[in-house]
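# Understanding the architecture of this molecule
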Amino acid sequence: MDTNTKVFDAVVIGGGIAGLQAALDLGDQGFKVAIVEKDASIGGKMIRLSKVFPTLDCASCITTPKMAGAAHHPNITLFTYCELKALKRVNGAIEASVRQKPRYVDADKCIGCRQCEYGCPVMVPDEEQGGFTARKAIYIPFSNAIPQIALMDVENCSLCGKCAKVCPTGAVDYFQKPVDFTIKAKTAVVTTGFSLTPLDQKKEYGQGKVQNVITSLQMERLLAPHGPYMRVLRPSDGKEPDSIAYVQCAGSRDKSLGIPYCSRVCCMYAIKQAMLLSGALPLADITIYYMDIRAFGKGYEQFFQNAKAMGIEFVKAKVAKIEQGEGQSVVVRYEAQEEDGGVRTREHDLVVLSVGMIPEWNPAGICDLTTSSDNFIRTVSPKVAPCLTEMEGVFVAGVAAGPKDIVDTIAEAGAAAMEASKYLYSLGEASKAAA
Ligand SMILES: Cc1cc2nc3c(=O)[nH]c(=O)nc-3n(C[C@H](O)[C@H](O)[C@H](O)COP(=O)(O)OP(=O)(O)OC[C@H]3O[C@@H](n4cnc5c(N)ncnc54)[C@H](O)[C@@H]3O)c2cc1C
Ligand code: SF4
Ligand code: SF4
């Protein structure tokens with residue numbers, strides 16, 4: 001076997017909450033597990049959230065221990081900033097071809113001291129903070145990122161050399177190249193999660209055009225304890241908003257965008273954010289424009305009723321257009337479904353689009369997994385074994401298989417780990433029988 005091949009019992013693709021849970025469950029059973037994550041840190045979307053419904057627990061208080069647990073687990077190895085090129089069955093084993101993308105920082109030398117960040121003169125919008133604040137061209141993605149290794153954003157780097165000059169360990173390496181390697185395992189768990197529904201085709205919602213129209217993930221950052229402003233402010237002028245509106249099903253249940261399905265979490269996270277906003281801005285009016293409220297999980301209906309009792313206004317309406325209003329306000333034009341069906345307009349200081357979920361990863365051309373009509377990974381027997389895919393020995397969990405909340409994601413990741421473990425034992429029994 002060449003030195004570029006690393007051998008494990010299981011490979012987990014994706015280091016979000018589903019991947020971390022599946023890897024921890026397999027690692028705790030004594031299996032050697034590799035996690036392949038395309039981003040520079042593990043943690044997925046959950047580490048970017050503020051608090052989580054229905055308990056309003058702090059998201060990073062749940063995610064950080066799992067991230068640290070995986071990083072320090074004797075049976076788990078992390079491969080971050082790694083791109084999956086192929087996932088194949090070869091002679092009864094799973095082979096993942098992986099490309100380690102260049103960080104332009106030597107991971108073995110970097111001690112995470114951030115001197116390079118302080119020295120770098122280039123400022124670019126920080127996507128981890130919803131684009132509201134800036135980061136440097138060389139940076140550690142966020143304060144509790146794992147691993148704490150810097151990476152350089154070459155597209156914005158001016159090649160001034162200041163980071164290399166201040167780095168105490170000589171870790172900056174402008175000439176670093178991608179490194180290809182293979183992970184050989186007996187089983188794989190795919191947990192590639194989701195991206196937000198893109199709304200650039202939905203011009204009538206004004207995203208990126210109308211000031212003070214933001215996405216729900218940006219609002220998560222505004223509400224987070226380590227958020228960009230440490231409080232909720234209107235991005236255009238830093239004013240505390242007196243009136244905030246949520247537009248539900250923005251990019252879900254919308255055939256014109258090719259996304260006819262319900263993303264399942266948006267009603268609940270909008271209600272959660274509205275409750276958190278009521279605490280942060282007690283005098284603000286909060287309105288949720290919705291088509292149907294889908295409070296499907298344990299305790300969720302009560303959560304919805306509590307929000308109504310707190311004074312959050314729910315308006316059954318289809319929002320037709322979002323436009324720039326007077327000054328920096330936003331005008332919402334909607335069809336009032338519970339009244340006469342007529343068109344009404346209202347002005348708000350800030351409008352949040354409750355965007356939905358599309359798959360982050362498409363297996364086409366990379367492996368033999370296929371997708372369902374919703375483009376999420378097809379499972380062969382959703383009622384009997386929900387994590388089973390069309391590839392023998394490959395299991396799926398979390399939003400990679402379809403939209404779901406954290407409770408269902410974690411339960412499914414545990415189930416996928418159990419299926420993978422059963423599969424590994426069955427191989428053990430088979431090889432014992434053959435011996
Ligand atoms: C605004 C918002 C608020 C939310 N609030 C809540 C809440 O309060 N409560 C709740 O229960 N749920 C909430 N959710 C839903 C929650 O975020 C998801 O249920 C959860 O994050 C799903 O985890 P996951 O691991 O399946 O996916 P992700 O978190 O998307 O993780 C997938 C990981 O896989 C990686 N990846 C993708 N493709 C590849 C590849 N090819 N190779 C390697 N790695 C790859 C990604 O980089 C990512 O790290 C919210 C969602 C949103 C959008
Ligand atoms: S690259 Fe150097 S300066 Fe930057 S965090 Fe790593 S060790 Fe510190
Ligand atoms: S070389 Fe690039 S990353 Fe380093 S300090 Fe200069 S601009 Fe920043």
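### Thoughts on the overall build of the chain
When its secondary structure is counted, the chain shows 8 helices and 24 strands. Over its C-alpha trace the chain gives a radius of gyration of 23 Å, about what one expects of a compact globule, namely 22 Å for 435 residues. Overall, the C-alpha framework of the chain stretches about 75 × 60 × 35 Å when taken along its three principal axes. The buried share of the chain, taken over its 435 residues, is 45%.

### Considering the domain arrangement of the chain
Taken domain by domain, the chain consists of domain 1 (5-101 + 178-193 + 360-434) and domain 2 (198-357). Measuring from the centre of the C-alpha atoms in domain 1 to the corresponding centre in domain 2 gives 32 Å. Taken together, the contacts link 13 residues of domain 1 with 19 residues of domain 2. Partitioned by chemical class, the residues of the side of domain 1 that touches domain 2 number 7 nonpolar, 1 polar and 5 charged.

### Some points on the site of ligand 2
Surrounding ligand 2, one finds 13 residues, the nearest of these being Cys110, Cys113, Gln115, Cys116 and Cys167. When the residues that make up the shell around ligand 2 are grouped by side-chain class, the tally is 9 nonpolar, 3 polar and 1 charged.

### Focus: the pairing of strand E20 (residues 330-336)
A regular strand places its side chains so that they alternate between the two faces of the sheet. Relative to E20, strand E19 (residues 313-324) is paired through 7 bridges, and the arrangement is antiparallel. Among the inter-strand pairings, Glu323 is bridged to a residue of E20, identified as Val331. As consecutive antiparallel partners, E19 and E20 are separated by 5 residues, and within that stretch Gly327 has a phi angle of approximately 60°, a positive value. Relative to strand E21 (residues 343-348), E20 runs antiparallel, the two being bridged by 6 bridges. What sits directly across from Glu335, in E21, is Val343. Between the end of E20 and the start of E21, which pair antiparallel, lie 6 residues, with Gly341 showing a positive phi angle near 80°.

### Let's talk about the sheet that holds E20
Reading across the sheet, the 7 strands line up as E16-E22-E17-E18-E19-E20-E21 and stay open at both edges, with mixed pairing between neighbours. Here the strands that pair on one side only, and so sit at the sheet edges, are strand E16 (213-215) and E21. For this sheet the average axis-to-axis angle between neighbouring strands, irrespective of direction, equals 40°. The pairing of strand E17 (residues 243-250) with strand E22 (residues 350-355) spans 5 bridges and is parallel. Bridging across to E22, Val247 finds its partner in Leu353.

Criteria and cut-off values
- All residue numbers refer to positions counted from 1 along the written sequence of the respective chain.
- Note on labels: chains are lettered from A, ligands numbered from 1, in written order.
- Only residues with pLDDT of at least 70 get local features here, since the model is predicted, and only at 80 or more are side-chain atom pairs given and counted; chain-wide, interface and lining totals rely on the full set of residues.
- Helix and strand definitions here come from DSSP, where helices need a minimum of 4 consecutive H or I residues and strands a minimum of 2 consecutive E residues; each element is numbered from the N-terminal end.
- To get the radius of gyration, use the C-alpha atoms; to get the globule rule, take the number of residues to the power 0.38 and multiply by 2.2 Å.
- Exposure is read from a count of other C-beta atoms within 10 Å of each residue's own; the residue is exposed at 12 or fewer, buried at 20 or more and partly exposed in between. C-beta atoms are placed from the backbone.
- Reported domain spans reflect what an automatic or database domain assignment gives.
- Note on contacts: residues are paired as contacts if their backbone-placed C-beta atoms lie within 7 Å.
- Only Asp, Glu, Lys and Arg are considered charged, only Ala, Val, Leu, Ile, Met, Phe, Trp, Tyr, Cys and Pro nonpolar, and every remaining residue, Gly among them, polar.
- Here, nearness is defined through the C-beta atom: a residue counts as near a molecule or strand if that backbone-placed atom lies within 6 Å of it.
- When DSSP locates at least two bridges between a pair of strands, those strands are taken to pair.
- A fitted line through C-alpha atoms serves as each axis, taken over the contacting stretch for helices, and the angle formed by two N-to-C directions is quoted from 0 to 180°.

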